[in-house]
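# Breakdown of the fold
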Amino acid sequence: MDKLKLVVVGNGMAGMRTVEELLKIAPDLYDITVFGAEIHPNYNRILLSPVLAGEQTVPDIVLNSMAWYEQNNIHLHLGKKVTRIDRKNRVVHAEDGTAAEYDRLLLATGSNPFILPIPGADLPGVVSFRDIADVEAMINAASRYRHAVVVGGGLLGLEAANGLRLRGMEVSVVHIAPWLMERQLDEPAARLLQQNLEAKGLKFLLQKQTIELVKGESGRVCAVKFKDGDTVPADLVVMAVGIRPNTALAEGAGIHCERGIVVNDTLQTYDPRIYAVGECVSHRGVAYGLVAPLFEQARVAANHLAEYGIGRYEGSVTSTKLKVTGIDLFSAGDFSGGEGTESLVFSDPSSGEYKKVVLKDNKLVGVCLYGDTLNGAWYFDLLREGTDVSQFRKTLLFGQRHLGDSGHGPADHVAALPDTAEICGCNGVCKGDIVKAIVDKKLFTLDEVRAHTKASSSCGSCTGLVEAVLAHTLGGNYSAAPSKKPMCKCTEHSHDEVIAAIRDQSLKTMRAVFDTLEWKTPDGCASCRPALNYYLLARWPGEYRDDAQSRFINERAHGNIQKDGSFSVVPRMWGGLTNPRELRAIADVAEKYRVPEVKVTGGQRIDLFGVKKEDLPAIWKDLSAAGFVSGHAYGKALRTVKTCVGSQWCRFGTQDSTGLGVKLEKLTWGSWMPHKFKLAVSGCPRNCAEATIKDFGVVCVDSGYELHVGGNGGIKVRVTDLLTKVETEEQVLEYCGAFIQLYREEAHYLERTAPWLERVGLNYIKRRILEDAPGRAALFERFKYGQQFAQIDPWKERAEGLDAGEFQTIRITA
Amino acid sequence: MSDWIAIAKFDDLPRLGARVVQFDTVRVAVFRTSTDEVFAVKDACPHRGGPLSQGIVHGQSVTCPLHNWRIDLATGEAVQPDQGCVRTFETKVEAGQVYLRLADTAEETASVACAAHG
């Protein structure tokens, strides 16, 4: 059978991204023809600014070379402008007479720069800033002329002005609004920007309306004339007053257009054979000009072109985060404020910092940052997720608590960091490495940077920094990914959607999840399988059969794998209590199995390091005989309950913290969680058990027990929030069980309580645990029900022979 | 060294799992996929020598438990963007018995493939 014919009009970023995505999932479905109006192969339009500034060259920014088109058998028509679509016969016609038939047509015609309709707009020396030809014209002019005027003080205009200044021209920026970038910045932030740019030698003419471009003696433009009568000399005029979706071709073919080509959530136009992506489309009334939404559209369009039929594009929230000559600014949402909103503002003009956060009903609706933009990604997350910020609005302006801890220091200005500055402490990745990967490998997204450099792929504490580096390197067109994140590459569904489907559609096996939710891979991946195994286990206790092969090795072998492939063994010591008999038993196994190292853990337990996998069942048998059970030090599970000695011994102790710790550990041990979970009980507010950096911490006071939640002492230290105070131990146990169950049922896999709590908000937790007593009781009941099946010691089972093959090595001697 | 060596019963290989076979000179990870194909590679990730046998198997690949490198079991090559290659061994299943060959040919093929990546 002949292949279907796909014709792509537009050789830009959105069109070719769609083709790339399509080739990935259905390489043989189509015979592909591409028309490009420019004579260049597909290049990265975002990087035209660095090319103009002389930091990169045109070959540097090519995304797909001519060889790529050849390798993929794509018929490429460069320098040919498509002028007509014959929908009846399904043929497109180019200006030069070239024609191509299609079964599916993809329009990716991008946008056109808007040219002010004023006298002289067509003079030689007047250019826009859109493509390589424009940049070449500007570079050429910079070498021969002196005065440049940029009309338009938006993103693009400032980048053009900056580039021309670096090329040695005297540059004036004309802007009709009272301040620069009025769509992205409020006035105070824009003033800081302007001062900074003036220090770099740019001149600004604000609130000036351009009415004419004056023709010089040579026939070239020589001056710009304003409505107020002023004129300025200009040998080069750059029009950067905006873009308009390029809909002429679609309109000519009778396809419905509004501001752009109107598409639905599957990127189809009113003619279902014709798709459209990129800057030329209008989706739910919005036309996007930033790269992330375009790529998201490309992914969805490719999926439908490939006839997979899954995935919908539901729109994007975009942010602006850019570099103009080493200047950090970030904005998103409605930052100007207005009726019903409140603004929180931090302003320090002499240090060049300004932050404004706009709230409505205690939710973030806009943000505008100048100077220190490191928290931009965090604010953007709060905005997209609609997080209730009332619990931390007092500290909101100071950014995500402790962002940049663990060695990053106050790295406010990413631009100022040297290339040798370490960004990712886990994997030793420096700023220079990341920049090089972004440029060399043409990366656009955080995920791509993670894959290629490993930066931010381990603990994630440097994510904000990596995003900042990405934004700096890509410049003005960066924007974060849309809010809905698929679980992994195997699916379009988010964690929340999968959790809901498992619950609402009674999916009780992994196969049922794969089939019902149309997984794209036959058996998932190392990322989604452990997550699904957990979700199924948590939702259907007693019914779902745990799948060992979907567990990370630590949980499969019930020990922590070490760098040399050996394992560690941590027996449970209830509440941190032990006795001579237990210690003797541990000493005995340590000697018997020649354990190389014995250490006390941070959670008050004893850790035996360097145990060979084959020895695990035997060592567990001995420990089991001495009364020990697994300490689950290796699992996404209840780890330990740390305690202080409390009222039994301590002269300050107010309650029996050790005894309560033992009760809590007996209640909760064995439960699987989305992530590791730690408890502590301190006997008085001196808090020797460090309960306020645990997932659930109890601080005993004379009149009862304070319950604290959502702390951790890990990557980013987070102090708990006070949930409530209760009077009895029974209440402590109930609230603790209910809190754990809520976390087990609703958090995403690998999301610790701290980020979960910040995502859903403390008020939500309070509503579910404090205000809804029957709901709390029901959560606690579900927790206790699940514990029946969870509190079976995995060590004892395996010591008795379960999964024996897992621990045996087959030895063959020649 | 080109003979087929019986290493295990097919049923002893867990589906989507692995067993470790220790020869005198080399430790081999033998995998069984969800479609009951059997693959064998040296039990050492090209990254930092992690035990691939302990990883999660999906499709025709395994993800190393130490730093999440993904290795194609059929070719031994790391999946892009990671770069590296691990030695593969020929396997066959006959009458419920799994055989492996420490063959020279397989070794050469693998070393050629690996050499391409430096």
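Per an unreviewed UniProt entry, chain B goes by the name Assimilatory nitrite reductase (NAD(P)H) small subunit and belongs to Sulfuritortus calidifontis.

Per an unreviewed UniProt entry, chain A carries the name Nitrite reductase (NADH) large subunit and comes from Sulfuritortus calidifontis. For the record of chain A, the UniProt heading Pathway (unreviewed entry) holds the text "Nitrogen metabolism; nitrate reduction (assimilation)."

## Comments concerning the overall build of chain B
Of regular secondary structure, chain B possesses one helix and nine strands. Listing the helices and strands of chain B from first to last along the sequence gives β-β-β-β-β-β-β-β-β-α. Expressed as a percentage of the 118 residues in chain B, the buried residues total 50%. For chain B, the exposed area adds up to about 5300 Å²; of that, 46% sits on carbon and sulfur atoms.

## Thoughts on the pattern of salt bridges
Here the idea is simple: oppositely charged side chains can pair when their charged atoms come close. Residue and element names in this part refer to chain A. This model, assessed by the stated rule, comprises 51 salt bridges over all chains. Note that Asp 186 is salt-bridged to Lys 356, the shortest N-O span being 3.3 Å. With Asp 186 in the loop between strand S11 (170-175) and helix H6 (187-199) and Lys 356 in strand S24 (residues 353-360), this residue pair connects regions lying 170 residues apart in the sequence. Of the two residues, Asp 186 and Lys 356, neither departs from the other in class, the shared state being buried. With its nearest N and O atoms 2.8 Å apart, the salt bridge here joins Glu 758 to Arg 718. In this pair, Glu 758 is assigned in helix H21 (residues 753-760) and Arg 718 in the loop between strand S35 (704-709) and strand S36 (721-726), connecting sequence segments 40 residues apart. Where salt bridges share partners, they join Arg 17, Glu 21, Lys 24 and Glu 448 into one cluster.

## Concerning helix H20 (residues 729-746) of chain A
Under the 1.5 Å per step criterion, the end-to-end length of H20(A) is 26 Å for 18 residues, consistent within 8% with the ideal 26 Å. Within H20(A), 14 of the 18 residues are buried, leaving the element largely enclosed by the surrounding structure.

## Looking at the sheet that holds strand S4 (residues 38-42) of chain B
Overall, mixed pairing links the seven strands, which are arranged S37(A)-S2(B)-S3(B)-S4(B)-S8(B)-S9(B)-S1(B) in an open sheet. Each end of this open sheet is capped by a strand with a single partner; those strands are strand S37 (809-811) of chain A together with strand S1 (4-9) of chain B. On average, each strand axis in the sheet is tilted by 30 degrees relative to the strand beside it, whichever way the strands run. The sheet contact formed by strand S8 (residues 88-94) of chain B and strand S9 (residues 97-101) of chain B spans five bridges and is antiparallel. Each residue of the ladder has a partner; that of Lys92(B), found in S9(B), is Tyr99(B).

## Remarks on the sheet that holds strand S5 (residues 91-94) of chain A
Residue and element names in this part refer to chain A. If you walk across this open sheet you meet the three strands as S4-S5-S6, and the pairing is antiparallel. Looking along the sheet, the strands with just one partner apiece sit at the ends: strand S4 (82-86) and strand S6 (99-101). Taken pair by pair, the neighbouring strands of this sheet meet at an average axis angle of 20 degrees, ignoring direction. Relative to S5, S4 is paired through four bridges, and the arrangement is antiparallel. Paired with Arg 84 across the bridge in S5 is His 93.

## Re the interface of chain B and chain A
Tallying the contact residues gives 29 residues for chain B and 31 residues for chain A. Summed over both sides, the interface between chain B and chain A buries roughly 2300 Å², with carbon and sulfur atoms accounting for 56% of that surface. For chain B, the biggest contributors to the area lost against chain A are Arg19(B), Gln54(B) and Ile56(B); these three give 27% of the whole. Linking chain B to chain A there are one salt bridge. A salt bridge links Lys454(A) to Asp82(B), with the nearest nitrogen and oxygen atoms 3.0 Å apart. Linking chain B with chain A are 12 residue pairs in polar contact (both at pLDDT 80 or more). The set of elements that each furnish at least two residues to the side of chain B that touches chain A consists of S1, strand S2 (17-22) and strand S5 (56-58) of chain B. Counting residues per element, the side of chain B that touches chain A draws most heavily on S2(B), which supplies five residues.

## With respect to the UniProt feature "domain: Nitrite/sulphite reductase 4Fe-4S" (unreviewed entry) in chain A
Here the UniProt-annotated "domain: Nitrite/sulphite reductase 4Fe-4S" (unreviewed entry) positions come out as residues 635-772 of chain A. Between the C-alpha atoms that bound residues 635-772 of chain A the distance is 31 Å, and the span itself is 35% helix and 22% strand.

## Overview of the UniProt feature "domain: Rieske" (unreviewed entry) in chain B
Per the UniProt entry, the sites bearing "domain: Rieske" (unreviewed entry) are residues 4-100 of chain B in this numbering. As annotated, residues 4-100 of chain B has a helix share of 0% and a strand share of 44%, and its two end C-alpha atoms lie 5 Å apart.

## Brief notes about the state of the cysteines
Taken as a whole and assessed by the stated rule, the structure comprises zero disulfides over all chains. Between Cys684(A), a free cysteine, and Cys650(A), which holds the nearest cysteine sulfur, the sulfur-to-sulfur gap is 5.8 Å. Cysteine Cys45(B) remains unbridged, with the sulfur of Cys64(B) as its closest cysteine sulfur at 4.0 Å.

## Here we look at the pairing of strand S10 (residues 147-151) of chain A
Residues and elements named next belong to chain A. A large share of S10 lies buried, amounting to four of its five residues. Direction of pairing for S10 relative to S11: parallel, over a ladder of five bridges. By the bridge assignment for S11, Ala 148 is matched with Val 171. The β-α-β motif built from S10, the intervening helix H5 (residues 155-166) and the parallel element S11 has right-handed crossover chirality. Relative to strand S16 (residues 236-239), S10 is paired through four bridges, and the arrangement is parallel.

Calculation rules
- Residues numbered from 1 in each chain as written.
- Chains lettered and ligands numbered in written order.
- Predicted model: local features only at pLDDT ≥ 70, side-chain atom pairs only at ≥ 80, totals over all residues.
- Heavy atoms only, no water.
- UniProt positions renumbered as here; feature names shortened; annotations may be inferred.
- Helix = DSSP H or I, 4+ residues; strand = E, 2+ residues; numbered from the N terminus.
- Buried < 20%, exposed > 50% of the residue type's maximum accessible area, 1.4 Å probe, protein only.
- Areas by Shrake-Rupley, 256 points an atom, 1.4 Å probe, with all protein chains shown as cover.
- Salt bridge = Lys/Arg side-chain N within 4 Å of Asp/Glu carboxyl O.
- Expected span 1.5 Å × (residues − 1).
- Pairing = 2+ DSSP bridges.
- Axes fitted to C-alpha atoms, helices over the stretch in contact; angles between N-to-C directions.
- Contact = heavy atoms within 4.5 Å.
- Buried area = accessible area lost by both parts, 1.4 Å probe.
- Polar contact = N/O pair within 3.5 Å; in protein donor to acceptor, adjacent residues only side chain to side chain.
- Disulfide = S-S within 2.5 Å.
- Right-handed = clockwise from strand over helix to strand, strands pointing away.

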